[in-house]
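# Structure at a glance
Below are the chains, spelled out letter by letter.
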Amino acid sequence: MEVGELDCTVTVESLNARGIVTRRRTYKNVTVLVGRDEFRDIILRIIAKTSPLGKNYRLREITIHKRFVSEGKATIKLTTLGIQLLLANCPPAKLTAFLRCIVVKLAKKKEDGFASERTRMRSDLPKNFDTISPLVEKDFLKRTTPNKKRAFGEINGGNNGQTPKRCKREALNDVPRKKLNIASLQMKFTAEQSAVINAVRSGRNVFFTGSAGTGKSFLLRRLIGMLPP
């Protein structure tokens, strides 16, 4: 069974910005194919039995409504094109496999990236359409990005059997550190604050006050820190 091919009836609806149908056209007894164009982007092609030429729709962002798949019906909404395709009179099993093929292949293409409009305009590649390849096991596996592979290789290569954490810790130890200037951290007091501190050190009872922002709380914390436990 070709999962990228479906015989059915297709109704093509054009939508405005508010999602209202502005035009509708139905094609009976057609074949819908999933394929790739010359840039390897995913294409949905509708071909009538009487004509070898077909209508192509490039897939980017889509929404699939498959509530009635068991009845041989489904809707594919092409968000970026403002079009939705209503599929009907489909064998339910083939329709399920067809939709799954679209979802899996499009997800893989999103990982690889689409051809930009600028690239398309400047390209000299001839127009092309290739039927999509069958689904294989690797289509369902999450692809590891090159950056992750490179990072993994750098961690495991040349580390003399040490664990990544240990390598990282030793690498940090090799980084030169700036020495703290202790003198710059020493607290400076005003003449009035120094007088209060000296009075407390001599064992005298002290009452100090001042307007807001003169450092009363700061001085009090300093005095508490000076007291024996």
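Residues numbered from 1 in each chain as written. Predicted model: local features only at pLDDT ≥ 70, side-chain atom pairs only at ≥ 80, totals over all residues. Heavy atoms only, no water.

Rules: UniProt positions are given in the numbering used here, feature names are shortened, and annotations may be inferred rather than shown by experiment.
For the protein chain, an unreviewed UniProt entry supplies the name ATP-dependent DNA helicase and the organism Nematostella vectensis. For the record of the protein chain, the UniProt heading Cofactor (unreviewed entry) holds the text "Mg(2+)".

### Section: the overall build of the protein chain
How we decide: Starting at the N terminus, helices and strands are each numbered in turn, a helix being any DSSP run of H or I of at least four residues and a strand any DSSP run of E of at least two. Whether a residue is buried, partly exposed or exposed follows from its accessible area with a 1.4 Å probe, protein chains only, as a fraction of its type maximum: under 20%, in between, or over 50%, in that order. Pairs of residues are marked as contacts when any of their non-hydrogen atoms sit within 4.5 Å.
Looking only at helices and strands, one finds 7 helices and 8 strands in the protein chain. Among the 229 residues that make up the protein chain, the fraction classed as buried is 29%. Sequence separation of at least 24 residues holds for 53% of the intrachain contacts in the protein chain that already meet a minimum separation of 6.

### Some details on the UniProt feature "domain: DNA helicase Pif1-like DEAD-box helicase" (unreviewed entry) in the protein chain
Per the UniProt record, the feature "domain: DNA helicase Pif1-like DEAD-box helicase" (unreviewed entry) sits at residues 189–227. Span residues 189–227 is 56% helix and 0% strand, its end C-alpha atoms 18 Å apart.

### A look at the nonpolar core
We apply this condition: In plain words, nonpolar cores are sets of buried Ala, Val, Leu, Ile, Met, Phe, Trp, Tyr and Cys residues tied together by side-chain atoms within 4.5 Å.
Membership of the largest hydrophobic core comes to 30 residues, with the highest contact counts inside it found for Val10, Leu44, Leu85, Leu87 and Phe98. Contributing elements (two or more residues each) for this core: β1 (5–15), β2 (21–36), β3 (42–48), β6 (74–78), β7 (83–88) and α1 (92–112). With 7 residues, the top contributor of residues to this core is α1. Setting aside anything within four residues of it in sequence, one finds Leu44 in contact with Val32, Leu33, Val34, Lys55, Asn56, Tyr57, Leu59, Ile76, Leu85, Phe98 and Ile102.

### Regarding the packing of aromatic side chains
Note the following rule: A pair of Phe, Tyr and Trp rings is counted when the ring centres sit within 6.5 Å of each other, with Trp represented by its six-membered ring. The angle between the planes then sorts it: under 30 degrees is stacked, over 60 is edge-to-face, the rest tilted. A ring is considered to have a charge above it if a Lys NZ or an Arg CZ atom is located within 6 Å of its centre and within 35 degrees of its normal.
According to the stated counting rule, one finds 0 aromatic pairs in the structure shown. For the cation-ring pair, Arg45 lies above Phe129, with the distance from its terminal atom to the ring centre recorded as 4.3 Å.

### Topic: the pairing of β1
For the record, the criterion: Should DSSP find at least two bridges between two strands, the strands are taken to pair.
Here β1 lies mainly inside the structure; 9 of its 11 residues are buried. In this structure, β1 lies alongside β2, joined through 10 bridges in antiparallel fashion. Residue Leu6 lies in a different strand from β2, and its bridge partner there is Val32. Linkage of β1 to β2, two consecutive antiparallel strands, is achieved through a turn of 5 residues, within which Gly19 is found at a positive phi near 85 degrees. Here β1 pairs with β7 via 6 bridges, running antiparallel. By the bridge assignment for β7, Val10 is matched with Leu87.

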